[in-house]
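These are the residues of each chain, in order.
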Amino acid sequence: MSSSAQVDAFLNGQASKQPELAEVFAELRSFYERKLWHELTMKLEEAVALPAFQQGDLLIQLYHNFLVDFEHRISPLKLGHLAVAVSSRYTDRAAAVAFMEQVVEKIAEQRQHGHEEPVLYLRMHVALLHVHEGRSAQAREMVRDGKGALDAMASPDPSVSAAYYYVCSQYHKAKQEFAEFYRHGMLYLAFVSSESLPEATRRDLAADLALAALLGEDLYNFAELIAHPIVKTLENTEFAWLLAILAAFNDGDLHAYDALCEKHAAALNAQPALVANERRLREKITITCLLQIVFKLPADHREIALEDIALETKLSVDGVEYLLMKALSVRLIEGVVDQVAGVVNVTWIQPRVLLKPQISELSDRLEGWIEKVKDVGTSLQEEIPELATMA
């Protein structure tokens, strides 16, 4: 039997078994017979997204009995996307890895223009399966190689960048490296629309990122996550309290934080990582409180009494000195502490992502600065004639 006859027999057979998909299989056959490879690829992408194709081994059969006949004629990257979808239907992860590696070999052998992208895309999904299987050494090596491959690409497709950053985030999540998970997770969201993700995936990712933002050792800016649409999926869920906690940390509001800890004690205690890092969380929100104190002051008047900081942060003066040393050591601020005078003069503060209320406050300050400049200009204009007379 010729390949065309085998394809026809497969599509007709599937249409008979699943009448609800008969129209889909008819369109696939029509595009195949007319050799409209681009249109056929587009239809395949639509088909694999249908719920009916996400059950059983239909996608696997579709690949081996249909797609394999013309895979060399379609875009290598599209083939990579389809191959990953097919691999998700293997119940055995080792079989899924073997399948994707086989497709990688085919794409590499064909060496079509841009074949490096689908090769990297597929290898990152293989690395992801290694992460899920706990094979961290293999995953780490593939991620390291993936970074070099990604950096060598002038303008990689967003799906390729997303695949790399997603597997990086999952690797660091498995290692409980909160800061690195957060950074790579946010980079992943820069290359994929959160709306394209299933609702459960969005919710779980938002919760994981929120927890990582709180627990990450050197993360003190929460506005980027708060402003991202993905966190809205936490509203009216069992993780809604995370939104309030994030807002308190971003504002450096110790009073709100203490009230939230009391109100949501059960939810907080259900998170072992938060319980284990309770002291670190307290230190972090105290530091963000200090940053908020500095941020609210004009750039030309940031000499602050240690006692004023102690009052806001609920610390002793000695505790404030330690807090300042910590903030200075991680370069959140720059300045000089005068222990004799009991003041700190802050000369620089690390730039932060601002939310709308903070931007509005900054706008007000800018208007005030413009007025000052106008006053200085007017004063100079008045003095210039007098200076000319004196000369």
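Here the structure is a predicted model, which is why all the values come from computation and not from measurement.

Caption draft 1: Layout of the overall build of the protein chain. Each helix and strand counted, the protein chain has 20 helices and 3 strands in total. The C-alpha atoms of the protein chain give 29 Å as radius of gyration, which overshoots the globular expectation for 391 residues (21 Å, by more than 25%). The principal-axis extent of the C-alpha atoms belonging to the protein chain is close to 105 × 65 × 40 Å. Taken over 391 residues, the protein chain has a buried fraction of 42%. Considering only intrachain contacts with a sequence separation of at least 6, the fraction spanning at least 24 residues in the protein chain is 63%. Of the roughly 21000 Å² that the protein chain leaves accessible, carbon and sulfur atoms contribute 53%.

Caption draft 2: Representation of the pairing of strand E3 (residues 343-349) in the model. Relative to E3, strand E1 (residues 303-305) is paired through 3 bridges, and the arrangement is antiparallel. Paired with Glu303 across the bridge in E3 is Asn345. In this structure, strand E2 (residues 333-338) lies alongside E3, joined through 6 bridges in antiparallel fashion. Across the sheet, residue Ile333 finds its bridge partner in E3, namely Ile349. Between the end of E2 and the start of E3, which pair antiparallel, lie 4 residues, with Gly342 showing a positive phi angle near 70°.

Caption draft 3: Inspection of the sheet that holds E3 at higher detail. If you walk across this open sheet you meet the 3 strands as E1-E3-E2, and the pairing is antiparallel. Both outer strands of the open sheet, E1 and E2, are each paired with one neighbouring strand and no more. Between one strand and the next, the sheet's axes are offset by a mean angle of 25°, whatever the strand orientation. Packing against the sheet, helix H18 (residues 306-313) makes contact with E1 and E3, and its axis sits at approximately 65° to E1. In this fold helix H19 (residues 317-329) packs onto E2 and E3, with an angle of close to 145° to the strand it touches most, E2.

Caption draft 4: Summary view of the environment of Arg280. As for its position among the elements, Arg280 is in helix H17 (residues 278-296). Take Arg280: its relative accessible area is 36%, and that puts it in the partly exposed class. Spatially, the C-alpha atoms of Arg280 and Trp241 are 19 Å apart, while their sequence positions differ by 39 residues. Other than its neighbours up to four places away in sequence, Arg280 contacts Leu215 and Glu217.

Caption draft 5: Structural context of a nonpolar patch on the surface. A contiguous nonpolar surface patch, about 400 Å² in accessible area, is contributed by Leu366, Trp369, Ile370 and Val373. With respect to the helices, strands and loops of the structure, Leu366 is situated in helix H20 (residues 356-390).

Caption draft 6: Empty space enclosed by the protein, seen in detail. The tally for this structure, following the rule as stated, stands at 3 cavities of 30 Å³ or more. Approximately 50 Å³ is the volume attributed to the largest cavity. Residue composition of the lining of the largest cavity, by class: 5 nonpolar, 2 polar and 1 charged.

Caption draft 7: Inspection of the side chain of His228 at higher detail. By secondary structure assignment, the location of His228 is in the loop between helix H12 (223-226) and helix H13 (240-251). Excluding residues within four positions of it along the chain, His228 makes contact with Met186, Leu189 and Ser194.

Parameters and conventions
- Residues numbered from 1 in each chain as written.
- Predicted model: local features only at pLDDT ≥ 70, side-chain atom pairs only at ≥ 80, totals over all residues.
- Heavy atoms only, no water.
- Helix = DSSP H or I, 4+ residues; strand = E, 2+ residues; numbered from the N terminus.
- Rg over C-alpha atoms; globule rule 2.2 N^0.38 Å.
- Buried < 20%, exposed > 50% of the residue type's maximum accessible area, 1.4 Å probe, protein only.
- Contact = heavy atoms within 4.5 Å.
- Areas by Shrake-Rupley, 256 points an atom, 1.4 Å probe, with all protein chains shown as cover.
- Pairing = 2+ DSSP bridges.
- Axes fitted to C-alpha atoms, helices over the stretch in contact; angles between N-to-C directions.
- Patch = residues over 30% accessible without salt bridge, like charges linked within 9 Å, V, L, I, M, F, W, Y side chains within 5 Å.
- Salt bridge = Lys/Arg side-chain N within 4 Å of Asp/Glu carboxyl O.
- 1 Å grid on protein atoms, 1.4 Å probe; cavity = no way out; pocket = protein on both sides within 12 Å on 5 of 7 lines; lining within 4 Å.
- Points joined across faces, edges and corners; volume = space filled by probe spheres on them.
- Nonpolar A, V, L, I, M, F, W, Y, C, P; charged D, E, K, R; others polar.

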